[in-house]
Amino acid sequence: MAQPSLVLTNTRKSNQAAPPDGVDGGAAVVVETELYAADQKIYPRAVSGWFAAWRWALVWATQLAFYGGAWLTWNDRQAILFDVVHRKFYIFGLVFWPQDIIYLTVLLIIAALSLFLFTAVAGRLWCGYACPQTVYTEIFMWIERVIEGDRFRRMKLDRGGLSARKIGLKAAKHAAWIALALWTGFTFVGYVTPIRELWTEVMGLFASDGASHSAALGPWETFWILFYGFATYGNAGWMREQVCIYMCPYARFQSAMFDRDTLIITYDRERGEPRGARPRRADAAALGLGHCVDCDICVQVCPTGIDIRDGLQYQCIGCAACVDGCDQVMDKMGYPRGLIRYSTQNAMEQKLTGAQMLAHTFRARVLVYSGIVWAVIIAAAIGLYARVPLKVDVIRDRAAIAREVEGGDIENVYQLQIINASESKRVFDIEVVGLPTIHLDGDTHVELPGTGSRLVPLRARVHVGPGAVAPGAHRIEFLVHAHDDPAVFVREASVFIVR
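Being a predicted model, the structure only gives us computed values, none of them experimental. (Residues numbered from 1 in each chain as written. Predicted model: local features only at pLDDT ≥ 70, side-chain atom pairs only at ≥ 80, totals over all residues. Heavy atoms only, no water.)

## Considering the sheet that holds strand β6 (residues 88-91)
Right, on to step 1. Ordered by their spatial adjacency, three strands build an open sheet running β5-β6-β7, and the pairing between neighbours is antiparallel. Of all strands in the sheet, those bounded by a partner on one side alone are β5 (80-83) and β7 (94-96). Neighbour-to-neighbour, the strand axes of the sheet open up by a mean angle of 15 degrees, direction not taken into account. (Pairing = 2+ DSSP bridges. Helix = DSSP H or I, 4+ residues; strand = E, 2+ residues; numbered from the N terminus. Axes fitted to C-alpha atoms, helices over the stretch in contact; angles between N-to-C directions.)

Shown next as structure tokens:
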């Protein structure tokens, strides 16, 4: 059976002049419109300027942090390491355990609220300057320009037939892309597996005598290096703007966070229209034209291929490449800069000055977002500062809830999970309070190495005499403190059962 064609059929009456003889004037005109437009490759033109410099500064900053952070050392260990196998997360001088998940929650809340704040103030700043998709696309396009040439050379190369030169250039470009993508995947895994050990394992694959079993690259490490490398290569090398336009959800709901005082990329239509070509430094007013020379530079430099002169579109990532490109043309034409610029809807309509536009920034939405973000940040900082480098979990033995032992005592059995969250060896003393005559039987002096943990079995006993302790459940507390530092102290509540 033939597959249905992916077209929309629209039938309408013709509103043109009478048809020639022999043609039915009342016949319907069938217009076929494709349901899905074919993807057209975008060839962004290189641009320089103030915003391009800022964008590359962010590229350098983020990549130095990402690629270099994994190689930093702290206290004879990797400074930033998410050791999933041993359930320890090192961030410079801090050591986090799964019990510290609250800090991850706080970090995600700060990130979300900051995104809302930055979007309300200046639109898609994250997308245009620091998003990994933007950063890696910028790097991959730079490699492409170095190897294949500028925009027009790349277009000519792609339109041309297959040749040895074309094969060589394409092979060199993709080899560079793949090498960078694999190094990115290696660095990503290096934050989970210590990167120096990982490097030894990778180098072992190329050793002439063969890598030993202990130095072999593990299957999960191999999978994640290849997976993350493939994702980087595919997203930044092939999909590029498709990720921003179709895959990223932020492009779809960003408009809900915009208002008329949000700083966005705008085209000054009143100044630019009517657009048209003219000689350099021509008097636009005398020619009856606006300042836009219709050169399409703003379209050629756009990484998503839109025309900002059509108004704000959800595909715009706010990178300001069109601002730099237009300013260069305005300089050549002898016109003032700013035909395309960062502005707000209210500023454009009300002809607000820069100071007035800045004053509108401090509006209720922005102040509320700022207040909440700073409140969460300060609370998290205080929590980290006051954080005790000791964690204790009390687990009751459910197999024997309570039992009578020699001397008429009642015994409850517990297990204490003690975690030394500091990086120095410590001895911890354990006590129990809450009932008369309650005492512990077991090892109440526990030595733990730095970032070590231990499960300590203990028996709590209470002498039950006439009128001493009533039957039932009684609240007790285990007290655990460092032998050398009384400030490192934890109280953990539990229950003692008397029958």
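The discussion continues.
## Remarks on the packing of aromatic side chains
Right, on to step 1. With the rule as written, the count across this model stands at 20 aromatic pairs.
Right, on to step 2. Ring plane angle 50 degrees and centroid distance 6.3 Å describe the contact between Phe82 and Phe89, whose orientation is recorded as tilted.
Right, on to step 3. Accessibility expressed as a relative area gives 32% for Phe82, which makes it partly exposed.
Right, on to step 4. The exposure class of Phe89 is partly exposed, given its relative accessible area of 25%.
Right, on to step 5. Chaining the aromatic ring pairs together yields one cluster made of Trp50, Phe51, Trp54 and Tyr342.
Right, on to step 6. Directly above the ring of Phe152 sits Arg151, whose terminal nitrogen or CZ lies 5.5 Å from the centroid. (Phe/Tyr/Trp six-rings, centres within 6.5 Å; stacked < 30°, edge-to-face > 60°. Buried < 20%, exposed > 50% of the residue type's maximum accessible area, 1.4 Å probe, protein only. Lys NZ or Arg CZ within 6 Å of the ring centre and 35° of its normal.)

## Observations concerning the sheet that holds strand β18 (residues 485-498)
Right, on to step 1. Ordered in space as β15-β13-β17-β18, the four strands form an open sheet in which the pairing is antiparallel. With one partner strand each, in any of the chains shown, β15 (445-448) and β18 form the two edges of the open sheet. For this sheet the average axis-to-axis angle between neighbouring strands, irrespective of direction, equals 25 degrees.
Right, on to step 2. Pairing of strand β13 (residues 426-433) with strand β17 (residues 472-482) involves six bridges; the strand directions are antiparallel. Note on β17: the bridge partner recorded for Val433 is Glu477.

## Quick notes on the pairing of β15
Right, on to step 1. Residues Val446 and Leu448 point to one face of β15 and are all buried, whereas His445 and Glu447, pointing to the other face, are not buried.
Right, on to step 2. Sheet analysis places β13 next to β15, joined by four bridges and oriented antiparallel. When the bridges of β15 are listed, Arg426 appears paired with Leu448.

## Here we look at the packing of helix α6 (residues 164-189) against helix α8 (residues 219-239)
Right, on to step 1. It is at 7 Å that the axes of α6 and α8 come closest, and there the two elements cross at 135 degrees. As judged from the angle between their axes, α6 and α8 are oblique. Remark: the crossing between α6 and α8 carries right-handed chirality. From α6, His174, Trp177, Ile178, Ala181, Leu182, Thr184, Gly185, Phe186, Phe188 and Val189 reach across to α8, where they touch Glu221, Trp224, Ile225, Leu226, Tyr228, Gly229, Thr232, Tyr233, Gly237 and Trp238. (Parallel < 35°, antiparallel > 145°, perpendicular 65-115°, else oblique. Left-handed = near helix turned anticlockwise from the far one by under 90°. Contact = heavy atoms within 4.5 Å.)

## What to know about the state of the cysteines
Right, on to step 1. Considering all chains together, one arrives at zero disulfides under this definition.
Right, on to step 2. Its sulfur unpaired, Cys127 is 5.6 Å from the next cysteine sulfur, which belongs to Cys248. (Disulfide = S-S within 2.5 Å.)

## A word on the confidence of the model for the protein chain
Right, on to step 1. On average, residues of the protein chain score 86 in pLDDT, and 90% of them are at 70 or above.
Right, on to step 2. Across the protein chain, the secondary-structure element scoring lowest on mean pLDDT is strand β1 (residues 7-12), at 37, and the one scoring highest is α6, at 96.
Right, on to step 3. Under a pLDDT of 50 for its full length, residues 1-23 has, in the predicted model, 23 contacts with residues more than four places off or in other chains.
Right, on to step 4. Across residues 25-29, where pLDDT falls below 50, the model places eight contacts with residues more than four positions away in sequence or in other chains. (pLDDT = per-residue confidence, 0-100.)

## Let's talk about unusual backbone geometry
Right, on to step 1. A cis geometry characterises the amide bond from Glu273 onward to Pro274, with omega recorded as -5 degrees.
Right, on to step 2. Tracing the chain through its elements places Pro274 in the loop between α11 (269-272) and α12 (297-300).
Right, on to step 3. Backbone geometry at Arg281 places phi at a positive 60 degrees, although glycine is not the residue there.
Right, on to step 4. On the basis of relative accessibility, which here comes to 58%, the residue Arg281 falls in the exposed class.
Right, on to step 5. The phi dihedral of Ala320 is positive, around 70 degrees, even though this residue is not glycine.
Right, on to step 6. As for its position among the elements, Ala320 is in the loop between α12 and α13 (321-333).

## Looking at the pattern of salt bridges
Right, on to step 1. Scanning the entire structure with this criterion turns up 32 salt bridges.
Right, on to step 2. In this structure, the salt-bridge partner of Arg387 is Asp100, at a minimum N-O distance of 3.1 Å. One end of the pair, Arg387, is in the loop between α16 (364-385) and β10 (390-396); the other, Asp100, is in the loop between β7 and α2 (101-122), and 287 residues separate them in sequence. Assigned by exposure class, Arg387 and Asp100 land together as buried. (Salt bridge = Lys/Arg side-chain N within 4 Å of Asp/Glu carboxyl O.)

## A short note on a nonpolar patch on the surface
Right, on to step 1. A surface patch of nonpolar side chains, about 680 Å² in accessible area, is lined by Leu72, Trp74, Phe82, Val84, Ile91, Phe92, Leu94, Val192 and Leu384.
Right, on to step 2. Among the structural elements, Trp74 can be located in strand β3 (residues 73-74). (Patch = residues over 30% accessible without salt bridge, like charges linked within 9 Å, V, L, I, M, F, W, Y side chains within 5 Å. Areas by Shrake-Rupley, 256 points an atom, 1.4 Å probe, with all protein chains shown as cover.)

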